[in-house]
Every structure is written in structure tokens, then in C-alpha cells.
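Structural features, examined
Here is how the chains run, residue by residue.
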Amino acid sequence: MLTRRDFFQVAAAAAVLSGAAGGLASAAARQAISQTDLLAFKPVGQVTLLSFTDIHAQLRPLYFREPSVNLGVGEVRGLPPHLTGRELLAAFDLKAGSPEAYALSSEDFAALARSYGRVGGLDRMATLVKAIRAERPQNTLLIDSGDTWQGSYTSLKSAGADMVETMNLLGVDVMTGHWEFTYGEARVKELVEQLDFSFLCGNVRDTEWDEDVFEHTAFFDRGGIKVAVIGQAFPYTPVANPRHLIPKWSFGIREDDVQKRIDAARAAGAALVVLASHNGFDVDRKLASRVKGLDVILTGHTHDAIPAVIRAGDTLLVAAGSHGKFLARLDVEVRGGRVVDHAFRLIPVFTDAIAPDPAMAALIDRLRAPHEKELARVLGRTETLLYRRGNFNGTFDDLICQALLAERDAEIALSPGFRWGSSLLPGQDITVEDVYNLTAITYPAVYRNQMSGAALKEILEDVADNLFHPDPYYQQGGDMVRVGGLSYAIDIGKPIGARISDMRLMRTGEPIDAAKTYTVAGWASVNAHTEGPPVYDLVSRHIERNKIIAMPENRSIRVAGG
Amino acid sequence: MSKNDRPALSRRQLLVAAGSGMLMAAGVAAAPRAAHAGPAEADEAVKKLIGGASIKEGRVNLKLPQIAENGNTVPFTVSVDSPMTESDYVKSVYIISEGNPFPHVATFNFTPASGKAEVSMRMRMAKTQYVRAVATMSDGSVYQAKQEVKVTIGGCGG
Amino acid sequence: MASPSIRIKVPEKAAKGEVFEIKTTIGHDMESGQRKDKEGKPIPRRIVNKFVCKYNGKEVFSSDWYPSISANPYLSFHVKATESGTIELAWHDDNGEVYTKTANITVG
């Protein structure tokens with residue numbers, strides 16, 4: 001799994017940073033991490049692939065807690081990225097309490113966040129990119145594996161335009177997409193026109209004539225060799241998100257087409273073939289084991305931050321996390337049409353250690369200025385850590401479910417298992433911006449309707465199968481649908497229809513009756529014409545009403561088979 | 001799209017009709033769920049089409065999405081390895097559903113003048129199921145391939 | 001149903017011996033016979049049940065369709081170019097009507 005070389009890169013990176021570990025005061029801890037240390041890297045070969053993914057429109061620094069529960073099933077059980085907390089630290093030889101441990105795991109998150117501060121910020125990302133480009137001007141490519149245009153207040157209000165401007169300034173070379181498509185066909189076409197670089201989707205065809213909608217491959221000359229980058233959009237966009245927004249476009253994994261693109265790229269003289277993919281990690285690991293001639297996959301969608309390159313067959317997989325928290329650097333040496341050597345580092349973007357890039361900082365300020373007052377409006381304060389990531393629940397989703405139940409007078413709440421959204425530390429104010437960071441979607445209506453116990457069971461089974469199907473090609477990514485007012489047990493190792501049991505209405509403790517109907521509130525319906533107030537308004541109102549938020553540990557879901 | 005652009009009643013629509021919040025549709029005419037074929041009915045249908053010939057795996061390549069985007073119109077492509085000469089060609093390919101009201105979806109009849117045995121069409125899919133492609137060759141041999149397609153309510157990924 | 005709209009993609013030219021693709025769509029409800037109307041009465045089946053492709057009068061490909069085929073049927077298939085001439089495509093409706101479309105191809 002980890003090559004000896006990968007191991008030493010990880011260990012060296014950890015050693016550089018771990019000097020700051022322990023009980024140092026936060027300012028001292030931050031000073032101990034330097035921009036120079038973060039950029040330290042011994043270059044290898046002809047090409048430097050810089051990549052990030054799933055920025056989810058985060059322009060500014062934030063807190064982001066990685067999951068403590070991220071289970072794998074079947075062949076990938078216990079393999080990265082299905083390692084969390086102490087297991088993850090042990091697998092990658094990271095010291096508890098170190099900056100790397102803070103960036104990569106959920107262990108002791110709130111305390112370490114106070115020591116090491118926020119992460120990300122596109123102005124910091126820009127500084128790192130510029131520094132590496134200055135060092136390797138003829139060798140560097142910057143690749144964005146998608147989910148860039150959505151996930152914030154400003155991206156929603158500008159319908160993605162703020163991200164197009166910032167990505168153009170950052171100098172991205174190619175990107176692919178997923179949430180981008182939730183702006184609808186017409187807007188996607190407009191924004192693609194505004195990009196200074198290619199939007200590559202080799203797996204999107206029109207539903208009429210079954211022909212390519214977007215470009216699929218871009219070629220670059222770097223370090224004296226020809227590099228081909230193929231784009232792979234999220235294969236299940238019309239299933240996981242509203243199809244009615246893109247009715248003329250069809251997606252899918254289309255493994256045979258990936259192979260055809262690789263073969264065509266090789267025939268055109270590419271010595272290095274890279275897939276910028278939004279398949280999700282397990283799908284890409286399977287794809288890598290089945291196609292030939294693919295050197296590197298820069299994988300996105302599942303938001304995994306893995307501090308080493310993972311090998312699958314002859315392919316190197318890079319998983320660069322999310323929310324602008326990491327910049328991945330993979331240097332490769334190519335000889336005779338194959339990668340013979342490589343070096344990798346997943347660089348954590350520790351906000352306070354990196355000087356902001358003035359041009360990017362100015363652009364971000366300009367883009368935010370018209371909205372700054374509303375973004376900063378305080379709705380309340382949280383006494384407990386609020387986060388989203390985790391297979392079954394997150395405290396911010398528990399808060400959203402609480403809001404749905406209260407504001408729509410429902411017995412049961414359903415909230416989608418999205419993986420994007422920032423975290424809030426105990427004692428932090430909750431602003432309008434924070435609420436949008438977890439709810440900014442183009443189909444925000446909160447519905448309220450009657451649903452039978454049988455239908456509820458079917459929904460839980462269906463979503464569980466999309467997450468825990470033993471064949472990754474049948475998984476959609478995302479996490480389990482979040483529930484409020486409902487408790488259940490799940491055995492993730494069982495087949496569809498047999499995973500969910502002991503569903504109970506928490507208000508009464510009674511078992512859910514398949515034949516009875518319940519009042520259910522939820523959001524992010526993929527169906528057109530869903531009616532109800534926008535979720536960000538509803539959640540904001542709920543927080544304003546309650547002022548002080550404290551979310552207890554969620555004990556309503558019992559998990560087996562992990 | 002046509003006003004009748006829907007299968008007898010897909011699982012997706014069944015959930016909608018049942019008032020699923022994930023999809024929450026209004027105005028979908030609730031029709032009774034049609035009886036669906038299963039693997040046994042599919043076997044029976046294949047037997048009627050090819051008689052007692054033994055079926056081998058291989059030569060047939062059937063491509064469908066792993067998860068259907070739209071149960072009303074699921075694209076499939078089938079191709080069969082064959083030189084397509086006068087003496088050695090693919091005669092017919094049968095598409096068989098294990099989960100729709102009628103197992104037989106379509107038959108494609110080729111000749112050496114087809115050049116290659118490869119077709120694409122789109123089918124309705126009432127629920128998660130296996131689809132089979134059974135090919136009869138000019139020498140009387142029979143080959144098949146099958147693939148599972150999941151019909152899901154979706155809506156929670158990301 | 002009014003006369004259905006038919007659209008096809010046939011190459012204008014092909015080299016002798018080349019295998020070329022033909023793509024077709026026809027606007028048709030493909031009423032399956034499985035559905036009921038608002039009053040609960042069964043809606044009778046009416047589908048396109050057969051497709052035939054002739055090349056200079058000779059049948060080179062045909063297909064039989066059943067109610068599982070989607071509305072507005074799309075079909076892609078292949079033909080081997082042998083000589084210049086006419087590609088004739090025909091769709092047979094349950095009601096006995098036959099809808100046709102032709103295209104010319106130059107082979108050289």
C-alpha cells in the first residue's frame with residue numbers, strides 16, 4: 001500500500017512539523033509552522049502535478065473537522081481512506097497532537113484547532129501555488145478535480161461566478177465537475193465560456209444522440225514530455241442531484257470510454273496520462289485496477305485527505321481532501337512512457353503560517369464586499385463543536401434536523417448526507433455565512449409531507465446501499481441521510497433491504513409502523529416543483545430564536561458490521 | 001418528452017406515489033404496481049427464443065449504467081465479437097429483462113452486411129434488476145452476458 | 001397521434017468496405033399497455049413493434065421492439081458500405097402504419 005519512499009515522505013513531513021506539538025501556547029504553535037517548512041520538497045522528475053479538489057467555494061480560511069466515522073465495506077474495509085482517528089495516525093506514523101494530526105484526523109479536534117488555527121483560504125493557496133511554480137516554471141500543472149463552484153453564500157449569490165474569477169486568477173490548468181452542474185445547463189455553459197482553462201468531462205453525453213458534451217482531454221508540454229489530462233465528472237450527478245437541472249446530459253462511469261481516452265492520449269504521444277476525477281476514492285481505486293496505461297488519478301468527491309500516494313496496479317492515486325485545506329504535490333519522473341519515480345506531499349494549508357497572496361486577497365475582498373454585512377451577521381452562538389462529516393451524523397446536521405422538526409412542526413426530519421460544510425468550535429458565533437456553508441444549494445426548499453413507515457424504511461435502505469454496496473461502482477458517495485426524531489440500527493455488511501432495523505419514533509419510543517403515515521420535513525429533494533421555505537432561512541431563523549446552541553452527542557443510530 | 005414517458009411504474013415512482021420526502025412529487029397518477037418478471041420468467045423467455053441450445057458465456061459485451069439516471073430511459077449498448085462474414089456472423093441478439101412486466105425487451109437481427117454486431121437503444125426499467133443479452137450465431141451457438149442495473153431514489157450524494 | 005417526427009444521422013460518404021453508424025430517433029409514446037388512465041381504465045398498447053433497414057432494396061438489419069422500449073425510441077446500429085445508393089429506414093406501428101425515411105450515401 002505505502003511504498004518505502006511514500007513512507008519517508010510522510011515521516012519527514014511529520015518530523016518537520018511535529019516540533020510544534022504538545023502544550024505550546026497557540027501563538028507559539030503557529031509560529032513553529034513556517035511557510036518554508038510547508039513548501040519543503042525535494043523535486044523529482046519532469047512533472048510537478050499540483051492538485052486540489054472539493055474546495056466547495058470556500059474563499060476564506062475556516063475550521064474543518066475530518067470524519068471520525070468513515071467505514072469501508074468488502075475489499076476496502078480497513079484500507080485508506082477508511083481509517084480515522086488513532087488508526088489513521090498509526091497507519092501514517094503521525095504523532096498525536098502534531099499539526100499533521102490536526103489537519104488529517106478528528107482526534108482532539110477542538111483543542112488542536114485553538115492551537116493551530118484555521119486552515120485554507122484561497123489567498124494562502126495562491127501563495128503556495130506561486131512559490132512552487134516559481135521553483136518549477138516549466139514543469140508544473142495545476143489541476144482541480146471539481147466541486148469548486150458551490151458551497152458558500154457568495155457562490156450561490158453569484159451563481160458560481162466568484163469561483164470562476166478566483167480560479168482564473170489562481171491559474172488552474174484544467175478542472176472537472178459535479179456540484180457545478182446544479183447551476184443548470186445554461187449557466188454551466190456560460191461559466192465554462194468564462195474559464196481561462198478547460199472544463200473536462202469525458203463521461204458526459206447528450207441524451208438525444210449519445211455524443212460528447214464537453215472536451216475530454218487536454219494536452220500539455222511539461223519538462224520536455226507530453227502530458228495528457230483526462231476529465232471525469234461525478235458519474236451519478238443526475239441521480240444524487242436534480243436531473244431536471246440538466247435533463248439533456250447523461251453521465252456514468254463509462255469505464256470503456258476512459259480506456260479509449262487513455263489509448264487515444266497515448267497514441268497522440270502522451271508520456272504521462274492523468275485522470276482528473278470526481279468518481280470518489282473507492283470508485284477510482286477500482287477503475288485504476290481495471291484500465292491500462294493510466295499513470296495518475298487525482299481523485300475527488302469523497303473528500304478524503306490521504307497523506308500518501310495510494311497505489312492501485314500501476315496507477316498512483318492522490319486524494320487531496322476538501323475545502324481548500326490541502327494542496328497536493330506529486331512529482332513524477334517518466335522514462336519509456338511510464339512513471340519510474342515519484343515524490344508526494346499533501347501540504348496542509350495552515351492559514352496562519354502562510355502569507356496571503358495580495359492579488360488573490362484583493363480579489364476575494366472585492367467579491368465579498370457587497371455581501372460582507374450579511375455574511376458577518378451573527379445569529380447565535382454554539383457551546384459545542386459543530387461539524388458535518390461522519391457516515392451517520394454530524395452535529396451541524398443534528399442542528400439542521402432539530403430546526404426542520406421545530407420550524408415545520410414535523411415528527412421526523414430527513415437531511416441529506418452531504419460531505420461539504422465548515423466546522424465551528426465551542427464558543428464561536430454562528431453567522432449567516434456559517435449557515436450557508438452547510439446549506440448553499442440551488443434547490444433549497446424544505447418540504448413537509450406525509451410518508452409511510454414503509455417508505456421511510458425504503459429511503460434508509462436505498463441510501464445505505466448507495467454508501468455500503470460492496471461494489472464501489474454501485475456507490476454514489478456522500479454519507480447516510482441524516483435523521484431527526486427517528487432512531488434506527490444499521491448493519492452495513494448486509495444487503496439492501498436487510499441493513500436497517502429497529503426504527504423508532506423518538507418522541508414516543510414506539511417502533512415505526514410500515515402502514516402508518518408520519519409527518520416528515522426534509523430538504524434537498526431532487527424532484528422538481530418541491531415547495532417550502534429555503535433551508536438556509538429556516539435554519540437561520542431557528543438559531544436566532546434559540547440564540548445558544550448546544551448539540552449533545554447523537555446516540556440514536558446503532559451501527560454494526562463495521 | 002412524451003406525456004407517456006414512463007414505465008408501467010418504476011420503483012422510483014412508487015416511492016413518489018407513496019409520498020417519499022426525498023422526491024416528494026405531486027400529481028403522479030398512482031397506478032397499481034404491475035406484476036414483474038423474475039429470473040425464472042427470463043429463463044422461460046430465453047428458452048422460447050433459442051430452444052434447447054446450451055448458452056455459453058463470452059463474446060457478448062453488454063454495457064449499461066450501474067445506476068440508472070432515469071428509469072424511463074436507460075441506455076444499453078450490446079456488441080458481439082464476430083467477423084461478420086457470410087460463413088460466420090451474428091444472427092440475432094435478444095435483450096431480456098429480469099425485472100420488467102415482460103422479459104423480452106427487443107430483438108436485433110443482423111446480416112453479414114451489418115459489418116459489425118453493435119447496437120444501442122434505451123429501455124424502461126421498473127426496478128433494480130439484471131439485464132441479459134443473448135446472441136445466436138450463424139453456426140447455431142449461443143452466447144450471453146448480463147449486468148445489474150440499480151434503480152435508486154437517489155438524492156443524497158455529495 | 002400525428003405523423004411522428006423522425007430524425008436520422010447517416011453519413012453522406014463512406015469508403016468501400018467501411019462499417020458506418022446510423023443513428024435514428026422517432027417521436028412515439030410507446031404506450032406499453034400496462035398503464036391506466038385517470039378513470040382507472042387500461043390504456044391500450046400502441047408501440048412501434050418493428051424497425052427495418054434496407055440498403056439498395058436489400059434488408060441488412062432489422063429489430064423487433066416490445067413495451068419495455070422507451071418512448072421516443074433511439075436506435076444506433078451499423079452497416080457495411082458496399083456501393084453508392086439509398087438507405088431506407090422503416091418503423092412499423094401497432095396500428096398498421098409504416099413510417100419511412102431515406103438517405104443517400106456515396107461510396108467511393
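Cut-offs used in this document
- Residue positions are given per chain, counted from 1 along the sequence in the order it is written.
- By the order in which they are written, chains take letters starting at A while ligands take numbers starting at 1.
- The model is predicted, so local features are restricted to residues of pLDDT at least 70 and side-chain atom pairs to those at 80 or more, both for listing and for counting; the totals for chains, interfaces and linings are taken over all residues.
- Calculation of side-chain values draws on the structure's entire complement of heavy atoms; hydrogens and water are dropped beforehand.
- By definition, any uninterrupted DSSP run of H or I lasting at least four residues is a helix, any uninterrupted run of E lasting at least two residues is a strand, and each is numbered from the N terminus.
- Note on exposure labels: buried denotes an accessible area under 20% of the residue type's maximum, exposed denotes more than 50%, and partly exposed covers the range between, all computed with a 1.4 Å probe on protein chains only.
- Residues are treated as being in contact if the distance between any of their heavy atoms lies within 4.5 Å.
- A 1.4 Å probe and the Shrake-Rupley method give the accessible areas. Residues count as covered only by the protein chains that appear here.
- What counts as buried area is the accessible surface, traced by a 1.4 Å probe, that two parts surrender upon association, with contributions from both included.
- For this document, the term salt bridge refers to a Lys or Arg side-chain nitrogen within 4 Å of an Asp or Glu carboxyl oxygen.
- Distance and chemistry together define a polar contact, namely a pair of N or O atoms within 3.5 Å, with one atom able to donate a hydrogen and the other to accept it when in protein, and with adjacent residues in sequence counting only for side-chain atoms on both sides.
- By the convention adopted, Pro, Cys, Tyr, Trp, Phe, Met, Ile, Leu, Val and Ala count as nonpolar, Lys, Arg, Asp and Glu as charged, and the other residues, Gly among them, as polar.
- We call a set of buried residues a nonpolar core when its members are Ala, Val, Leu, Ile, Met, Phe, Trp, Tyr or Cys and they connect through side-chain atoms within 4.5 Å of each other.
- In this scheme, strands are said to pair when DSSP sees at least two bridges between them.
- Fitted lines through C-alpha atoms give the axes, limited to the stretch in contact for helices. The angle between two N-to-C directions lies from 0 to 180 degrees.
- Each residue carries a pLDDT score, the predictor's own confidence in it, on a scale running from 0 to 100.
- In summary, the pairing rule links any two rings of Phe, Tyr or Trp, Trp by its six-membered ring, whose centres are within 6.5 Å, and it sorts them by plane angle into stacked for under 30 degrees, edge-to-face for over 60 and tilted for everything else.
- Every helix has an expected span of 1.5 Å times one less than the residues it contains.

With respect to the overall build of chain B
What chain B contains, in helices and strands, is 2 helices and 8 strands. Starting at the N terminus, the α and β elements of chain B follow one another as α-α-β-β-β-β-β-β-β-β. Relative to its 158 residues, chain B shows a buried fraction of 63%. Sequence-distant contacts, at least 24 apart, represent 65% of the contacts inside chain B between residues at least 6 apart. Summed over its atoms, the accessible surface of chain B is roughly 5700 Å², and 50% of this surface lies on carbon and sulfur atoms.

Focus on the interface of chain B and chain A
Contact residues are listed per partner, giving 29 residues for chain B and 52 residues for chain A. Interface area for chain B against chain A, summed over the two sides, is near 3200 Å², with a carbon-plus-sulfur share of 50%. Its salt-bridge partner being Lys63 of chain B, residue Asp256 of chain A comes within 3.6 Å of it at the nearest N-O pair. Across the chain B-chain A interface, the total number found is 11 residue pairs in polar contact (both at pLDDT 80 or more). Counting residues per element, the ones that place at least two in the side of chain B that touches chain A are α1 (11-17), β2 (60-63) and β8 (142-149) of chain B. A total of 3 residues in the side of chain B that touches chain A trace back to one element, the largest contributor, which is α1 of chain B. For the side of chain B that touches chain A, the residue count by class is 10 nonpolar, 12 polar and 7 charged.

A short note on the pattern of salt bridges
Residues and elements named next belong to chain A. This model, assessed by the stated rule, comprises 50 salt bridges over all chains. Of the charged contacts, one joins Arg541 and Glu407 as a salt bridge, the two residues approaching to 3.4 Å between their closest N and O atoms. Separated by 134 residues along the polypeptide, Arg541 in helix α19 (residues 535-546) and Glu407 in helix α16 (residues 395-407) bring together distant segments of the chain. A relative accessible area of 33% places Arg541 in the partly exposed class. Residue classification places Glu407 among the buried residues on the basis of a relative accessible area of 16%. Between Glu461 and Lys457 there is a salt bridge, and its shortest N-O distance comes to 2.8 Å. On the criterion of helical spacing, the pair formed by Glu461 and Lys457 is a turn pair, its members being 4 residues apart in helix α18 (residues 453-468).

Topic: the nonpolar core
Inside soluble globular proteins, nonpolar side chains tend to come together where they are buried. One finds Leu122, Leu170 and Phe181 of chain A to be the most contacted residues of the largest nonpolar core, which totals 125 residues. Counting 58 residues, the second largest nonpolar core, distinct from the first, contains Phe110 and Ala145 of chain B together with Ile47 and Trp65 of chain C.

Some thoughts on the sheet that holds strand β19 (residues 482-484) of chain A
Residues and elements named next belong to chain A. Judged by pairing direction, the sheet is mixed, and its 4 strands sit side by side in the order β18-β22-β16-β19 without closing on themselves. The open sheet is flanked by β18 (446-452) and β19, the only strands paired with a single partner. Here the strands of the sheet are splayed against their neighbours by 25 degrees on average, with no regard to which way each runs. Pairing of strand β16 (residues 412-415) with strand β22 (residues 517-523), which is carried by 3 bridges, proceeds in the parallel orientation. Its bridge partner lying in β22, Ile412 is registered against Val520. Helix-sheet contacts for α16 involve β16, β18, β19 and β22, and the interaxial angle to β16 is about 135 degrees.

A short note on the interface of chain C and chain B
Between chain C and chain B, the residue contacts involve 31 residues of the former and 35 residues of the latter. Buried surface at the junction of chain C and chain B, summed over both partners, amounts to about 2900 Å²; 50% is from carbon and sulfur atoms. Our count for the contact surface shared by chain C and chain B stands at 0 salt bridges. Counting across the interface, chain C meets chain B through 19 residue pairs in polar contact (both at pLDDT 80 or more). For the side of chain C that touches chain B, the element with the highest residue contribution is strand β5 (residues 58-65) of chain C, accounting for 8 residues. Residues belonging to the side of chain C that touches chain B are distributed by class as follows: 14 nonpolar, 9 polar and 8 charged. Sheet topology places strand β5 (residues 104-110) of chain B next to β5 of chain C; 5 bridges connect them, and they run antiparallel. Residue pairing across strands places Phe110 of chain B opposite Phe61 of chain C, the latter belonging to β5 of chain C.

Some details on the confidence of the model for chain B
Model confidence for chain B is summarised by a mean pLDDT of 81, while 75% of its residues fall at 70 or above. Residue range residues 1-33 of chain B is modelled with pLDDT below 50. Its contacts to residues more than four positions away, or to other chains, number 94 contacts.

Side note on the pairing of strand β10 (residues 296-299) of chain A
Residues and elements named next belong to chain A. On β10, burial covers both faces: Val296 and Leu298 on one face and Ile297 and Thr299 on the other are all buried. Across 4 bridges, the pairing between strand β9 (residues 272-277) and β10 is parallel. In the strand pairing of β10, Leu275 is matched with Ile297. With 4 bridges joining them, β10 and strand β12 (residues 315-319) adopt parallel strand pairing. Across the sheet, the residue bridging to Ile297 is Leu317, located in β12.

Brief notes about unusual backbone geometry
Among all residues save glycine, negative phi is the norm, and among peptide bonds the norm is trans. Residues and elements named next belong to chain A. With an omega dihedral of 5 degrees, the bond running from Pro80 to Pro81 counts as a cis peptide bond. Position of Pro81 relative to the elements: it lies in the loop between β1 (47-52) and α4 (85-91). Positive phi, close to 65 degrees, is recorded for His303, a residue that is not glycine. Following the sequence through the fold, His303 ends up in the loop between β10 and β11 (310-312).

Regarding the packing of aromatic side chains
By the definition in use, this model includes 29 aromatic pairs over all chains. Centroid distance Phe108 of chain B to Phe61 of chain C: 6.4 Å. Interplanar angle 15 degrees. Geometry classified as stacked. With Phe108 of chain B in strand β5 and Phe61 of chain C in strand β5, this pair bridges two chains. Judged by relative accessible area, which is 0%, Phe108 of chain B ranks as buried.

Quick look at helix α6 (residues 109-116) of chain A
Residue and element names in this part refer to chain A. Across the 8 residues that make up α6, a large majority, 6, are buried. Buried within α6 we find Phe109, Ala110, Leu112, Ala113, Ser115 and Tyr116. Directly after α6, the chain includes Gly117, whose backbone phi takes a positive value near 80 degrees.

A short note on α18 of chain A
For α18 of chain A, which comprises 16 residues, the first-to-last C-alpha distance of 22 Å matches the rise-based estimate of 22 Å (1.5 Å per residue) to within 8%. By the criterion of burial, α18 of chain A is predominantly enclosed, with 13 of the 16 residues buried.

Some details on the environment of Tyr143 of chain B
All names here are of chain B. Structurally, Tyr143 can be placed in strand β8. Judged by relative accessible area, Tyr143 falls into the buried class, the value being 13%. Excluding anything up to four places from it in sequence, Tyr143 contacts Ile55, Lys56, Glu57, Gly58, Arg59, Val60, Ala133, Val134, Ala135 and Met137.

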